[in-house]
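What follows is each chain in one-letter form.
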Amino acid sequence: MNNTALEAILRRDRNAVLAALLLLTALNWAYVLWLATHMTVAASMPGMDMMAPQIRPWAAADLLFGFAMWTVMMAGMMLPSAAPMILLYARLGRQAQAQHRPFAATGWFAGGYLLAWAGFSLFATLLQALLTHAALLTPAMASANTMIGGIVLIAAGIYQATPLKDHCLSSCRTPLVFIQKHGGFRSRALPALGLGARHGLYCIGCC
């Protein structure tokens, strides 16, 4: 395969991956905006201000809905920052394939990011359900205790000065160095999935 043909294929792959990432991000944000609008309209209905939502244990449907909301929100927020790394993987993967040393499909690497964000979303959903049950969080996801809210803000401020925060920022700002430190891109599916998930967790730490 000559260089011109390879560049054409790389350009096509890049456009296809970028289009998929943009579409997925747009769908995620469309869902989040629809959800926010739906909740705003429901809250503005006559009589709704007279009806305080009752705090009750979450049912399975509540957990599923909360998990879907968190997952979509995380993907919509994080995908743009992960896009350059995924595009780089797709380009290097095509070049490796031309040299008969193929990587795992780009979908496995990108799926690792989604897996990490889904894992965080599950944690956030369970924490939200626990805080709501303990009457520390309202059904509208507002803090019901000013002291708890203050503690969260202080903890978030302290985290910004920790070595873990610096390590996460370093991994996000130099993703290729991060990949090289962890053995480089993988030729098998599950290791590629794990590599994407590991970097996805560091991306969460940055944010």
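Everything below is about the structure shown above.
Residues numbered from 1 in each chain as written. Predicted model: local features only at pLDDT ≥ 70, side-chain atom pairs only at ≥ 80, totals over all residues. Heavy atoms only, no water.

1. Quick look at the state of the cysteines
Stage number 1. Counted by the stated rule, this structure contains one disulfide.
Stage number 2. Covalent S-S linkage joins Cys-172 and Cys-206, the inter-sulfur distance amounting to 2.2 Å. Residues Cys-172 and Cys-206 are joined through a disulfide that is right-handed, its torsion about the S-S bond being 110°. A residue pair is termed long-range when its members are at least 10 positions apart, and Cys-172 in helix 5 (residues 163–173) and Cys-206 in helix 7 (residues 189–206) qualify at 34 residues.
Stage number 3. Owing to a relative accessible area of 15%, Cys-206 belongs among the buried residues under this scheme.
Stage number 4. With no disulfide partner, Cys-168 has as its closest neighbouring cysteine sulfur the one in Cys-206, 5.4 Å distant.
Stage number 5. With no disulfide partner, Cys-203 has as its closest neighbouring cysteine sulfur the one in Cys-172, 4.2 Å distant. (Disulfide = S-S within 2.5 Å. Helix = DSSP H or I, 4+ residues; strand = E, 2+ residues; numbered from the N terminus. Buried < 20%, exposed > 50% of the residue type's maximum accessible area, 1.4 Å probe, protein only.)

2. A look at the packing of helix 3 (residues 106–133) against helix 7
Stage number 1. Running from N to C, helix 3 and helix 7 point in directions that differ by 50°, and their axes come no closer than 6 Å. Between helix 3 and helix 7, the angle is such that the two are oblique. Crossing of helix 3 against helix 7: the hand is right-handed. Taken together, the residues of helix 7 that come into contact with helix 3 (itself represented by Trp-108, Phe-109, Gly-111, Gly-112, Tyr-113, Leu-115, Ala-116, Trp-117 and Phe-120) are Ala-189, Leu-190, Ala-192, Leu-193, Leu-195, Gly-196, Ala-197, His-199, Gly-200, Leu-201, Cys-203 and Ile-204. (Axes fitted to C-alpha atoms, helices over the stretch in contact; angles between N-to-C directions. Parallel < 35°, antiparallel > 145°, perpendicular 65-115°, else oblique. Left-handed = near helix turned anticlockwise from the far one by under 90°. Contact = heavy atoms within 4.5 Å.)

3. A word on the packing of helix 2 (residues 60–98) against helix 3
Stage number 1. Put simply, helix 2 and helix 3 touch, their axes get as near as 8 Å, and they point 150° apart. Judged on the interaxial angle alone, helix 3 and helix 2 are roughly antiparallel. Along this stretch, helix 2 crosses helix 3, giving a crossing that reads as right-handed.
Stage number 2. Partitioning the contact of helix 2 with helix 3 into residue classes produces 24 nonpolar, six polar and no charged. (Nonpolar A, V, L, I, M, F, W, Y, C, P; charged D, E, K, R; others polar.)

4. A closer look at the side chain of Thr-125
Stage number 1. Along the chain, Thr-125 turns up in helix 3.
Stage number 2. If we skip the residues at most four places from it in the chain, Thr-125 touches Trp-58, Leu-63, Gly-66, Phe-67 and Trp-70.

5. Overview of the packing of aromatic side chains
Stage number 1. If you walk through the whole model with that rule in mind, you get eight aromatic pairs.
Stage number 2. Relative to Phe-185, the ring of Tyr-89 has its centre 4.9 Å away and its plane inclined at 85°; by these criteria the two rings are edge-to-face. Here the residue Tyr-89 occupies a position in helix 2, and Phe-185 occupies one in the loop between helix 6 (175–181) and helix 7, the gap between them amounting to 96 residues.
Stage number 3. A residue is classified by how much of its surface remains accessible, and Tyr-89, at 1% relative accessible area, is buried.
Stage number 4. Under the relative-accessibility criterion, Phe-185 is labelled buried at 14%.
Stage number 5. Measuring from centroid to centroid gives 5.1 Å for Phe-178 and Tyr-202, while their planes differ by 65°, and the two rings are edge-to-face. Pair noted here: Phe-178 is in helix 6 and Tyr-202 is in helix 7, with a separation of 24 residues, a long-range link. (Phe/Tyr/Trp six-rings, centres within 6.5 Å; stacked < 30°, edge-to-face > 60°.)

6. A word on the nonpolar core
Stage number 1. Counting residues in each nonpolar core, the largest one holds 29 residues, and the members touching the most others are Ile-86, Phe-109, Tyr-113, Trp-117, Ile-179 and Phe-185.
Stage number 2. Of all the secondary-structure elements, those providing two or more residues to this core are helix 1 (3–43), helix 2, helix 3, helix 6 and helix 7.
Stage number 3. Examining the composition of this core, we find that ten residues originate from one element, helix 2, more than from any other.
Stage number 4. Leaving out residues up to four positions away in the same chain, Tyr-113 has contacts with Ala-82, Met-85, Ile-86, Gly-196, Ala-197, His-199, Gly-200 and Cys-203. (Core = buried A, V, L, I, M, F, W, Y, C linked by side-chain atoms within 4.5 Å.)

The analysis is restricted to geometry; functional conclusions fall outside its scope.
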